[in-house]
Amino acid sequence: GGGGGGGTEEGPKDPSEIVVGFAQVGAESGWRTANTKDIQAAFEEAGIELKFSDAQQKQENQIKAIRSYIQQGVDVISFSPVVETGWDAVLKEAKDAGIPVVLTDRAVDSQDESLYVSFLGSDFVEEGKKAGEWLVEEYADSTDPVNIIQLEGTTGAAPAIDRAEGFAEVIADDEKFEVVASQTGDFTRAGGKQVTEALLKSNPDVDVIYAHNDDMGLGAIEAIEAAGMKPGEDIKIITVDAVKDGMQALADGKINFIVECSPLLGKQLVDIVKKVVAGEEVEKRIITEETTFTQEEAVEALPDRQY
Ligand code: AHR
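The rules behind the values
Residues numbered from 1 in each chain as written. Predicted model: local features only at pLDDT ≥ 70, side-chain atom pairs only at ≥ 80, totals over all residues. UniProt positions renumbered as here; feature names shortened; annotations may be inferred. Pairing = 2+ DSSP bridges. Helix = DSSP H or I, 4+ residues; strand = E, 2+ residues; numbered from the N terminus. Axes fitted to C-alpha atoms, helices over the stretch in contact; angles between N-to-C directions. Buried ≥ 20, exposed ≤ 12 C-beta atoms within 10 Å, placed from the backbone. Right-handed = clockwise from strand over helix to strand, strands pointing away. Contact = placed C-beta atoms within 7 Å. Core = buried A, V, L, I, M, F, W, Y, C linked by C-beta atoms within 7 Å. Near = placed C-beta within 6 Å. Nonpolar A, V, L, I, M, F, W, Y, C, P; charged D, E, K, R; others polar. Expected span 1.5 Å × (residues − 1). Arc of directions from axis to C-beta. pLDDT = per-residue confidence, 0-100.

As annotated in an unreviewed UniProt entry, the chain carries the name ABC transporter substrate-binding protein and comes from Mycetocola manganoxydans. Under the UniProt heading Sequence similarities (unreviewed entry), the entry covering the chain gives this text: "Belongs to the bacterial solute-binding protein 2 family." Per UniProt, the comment on the chain under Subcellular location (unreviewed entry) is "Cell envelope".

> I'd like to hear about the sheet that holds strand β5 (residues 118-121), residue by residue, with values.
Spatially, six strands are ordered β2-β1-β3-β4-β5-β11 in an open sheet, and the strand pairing comes out parallel. Sheet topology places β2 (49-54) and β11 (285-287) at the edges, where each strand pairs with a single neighbour. Here the average twist between neighbouring strands, direction ignored, is 15 degrees. The pairing of strand β1 (residues 19-24) with strand β3 (residues 76-79) spans four bridges and is parallel.

> Could you give me a rundown of the UniProt feature "domain: Periplasmic binding protein" (unreviewed entry) in the chain, with the residues and numbers involved?
Within the UniProt annotation, "domain: Periplasmic binding protein" (unreviewed entry) is assigned to residues 21-281. A distance of 20 Å separates the end C-alpha atoms of residues 21-281, which is 44% helix and 20% strand.

> Tell me what's going on with the pairing of strand β10 (residues 257-260), and back it up with residues and numbers.
Judged by which residues are buried, β10 turns out to be covered on both faces: Phe257 and Val259 on one side and Ile258 and Glu260 on the other are all buried. In this structure, strand β9 (residues 236-241) lies alongside β10, joined through four bridges in parallel fashion. By the bridge assignment, Thr239 is partnered in β10 with Ile258. Chirality of the crossover, the property in question, places the unit of β9, helix α8 (residues 244-251) and β10 among those that are right-handed. In this sheet, strand β12 (residues 292-293) lies alongside β10 in antiparallel orientation, the contact comprising two bridges. Of the residues in β12, the one forming a bridge with Ile258 is Phe293.

> Could you give me a rundown of the environment of Ser122, with the residues and numbers involved?
Mapped onto the elements, Ser122 comes out in the loop between β5 and α4 (124-138). Apart from the residues within four sequence positions on either side, Ser122 is in contact with Glu127, Cys261, Ser262, Ile287, Thr288 and Glu290.

> Could you give me a rundown of the nonpolar core, with the residues and numbers involved?
The biggest cluster of nonpolar side chains holds 91 residues, and the ones touching the most others in it are Ile66, Val102, Ile209 and Val273. Each residue touching Ile66, except ones within four places of it in the same chain, is listed here: Ala23, Ile77, Phe79, Val90 and Ala94.

> How would you summarise the site of the ligand if you had to cite specific residues and measurements?
Around the ligand, the structure places 13 residues, and the nearest of them are Ser29, Trp31, Pro159, Phe187 and Asn213. Counting only elements with at least two residues in the shell around the ligand, the list comes to α1 (30-46) and β9. Its residues placed into classes, the shell around the ligand shows five nonpolar, two polar and six charged.

> Give me the lowdown on unusual backbone geometry, citing residues and values where you can.
Excluding glycine, residues mostly have negative phi values, and the peptide bonds linking residues are mostly trans. Of note, Gln57 is a non-glycine position whose phi angle comes to about 60 degrees, a positive value. Positionally, Gln57 belongs in the loop between β2 and α2 (59-72). Classification of Gln57 by C-beta neighbours within 10 Å gives buried; the count is 20. Phi angles above zero are rare outside glycine, and Asp105 is one such case at about 70 degrees. Along the chain, the position of Asp105 falls in the loop between β4 (101-104) and β5. Note on Asp105: 28 C-beta atoms within 10 Å, which makes it buried.

> Could you give an account of helix α9 (residues 266-277), with specific residues and numbers?
End to end, α9 covers 16 Å across 12 residues, agreeing with the expected 16 Å (1.5 Å per residue, within 8%). All of the buried residues in α9 are Gly266, Leu269, Val270, Ile272, Val273, Val276 and Val277. Seen end-on, α9 carries its buried residues on one side only, within an arc spanning 165 degrees. Against the buried residues of α9 lie β1, α1, β3, β4 and β5. Once α9 finishes, Gly279 follows within two positions and takes phi at roughly 75 degrees, a positive value.

> Give a description of the pairing of β5 that names residues and reports values.
Burial of the side chains of β5 extends over both faces: Ser118 and Leu120 are buried on one face and Phe119 and Gly121 on the other. Where β4 lies against β5, three bridges are found, and the strand directions are parallel. For Leu103, the partnering residue across the bridge sits in β5 and is Phe119.

> Please set out the confidence of the model for the chain residue by residue, giving values where relevant.
The predicted model of the chain has a mean per-residue pLDDT of 96, with 97% of residues at 70 or higher. Model confidence for the complex: the whole-complex pTM is 0.95, and ipTM, which rates the interface, is 0.99.

Right, dumping it as structure tokens:
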């Protein structure tokens, strides 16, 4: 051991002495896979040991993983909470054990902000607003009703709650927009396909699908095509993420607009971990910078898209 949380007479810990435990949500989407890869690569590159677990989208598995990291006495615990609520007890255990926690990607709704040192990730409400703003612009010249199906992310997850909220806030200004159905597809392609299949039957006159991620949008494309319609034309599709498969569908005209959510959080997480271990101050909230893509912009961006 190299002397506790840094700043002792022995000097700061060498990266090779740091151990981090990361409890990932799962492998539910292209975004998540890219996120995992990026985090693992960044720690490898920094020469910091990363213990990694995949919770398969189950909170109980994440809690188990965090408890095991506490028991192993890692230097820092990081995780991306599958849902927002229910974390106080385990976070308190980490705090009592003197292990700092860094949230990545998704927030917890805890009242006690001392339970984590930093939260690195996107502003999901803002992403929902950007999706809504594109829609408002797209239908600016029409007064006809616009029927929308919303494919929600995992129930109770921050990105599902916030992307619905931001979107609803923007479209509320104009009565012609109506969300005629809204159901979870759990951020997966299979979920998006299944829900779209069912909802198209009960809502044949839908104009727009707003999916909380690319994967569900890609599932919706399959369902729309199976129903004999043209995605992107007969039914417009808006998604969030901008992973390669989503960008390809956008460039192909099957998706109409994508709001970017960047999975590349690895390098910033490494920086936070190093600072925390050295006993330095870190920012409580670090917001990821991201953009949006039209079909033309996707054609241009695709060749350089890394994930
Ligand atoms: O928390 C980020 C979201 O989780 C991504 O938008 C989605 O694709 C992933 O599953």
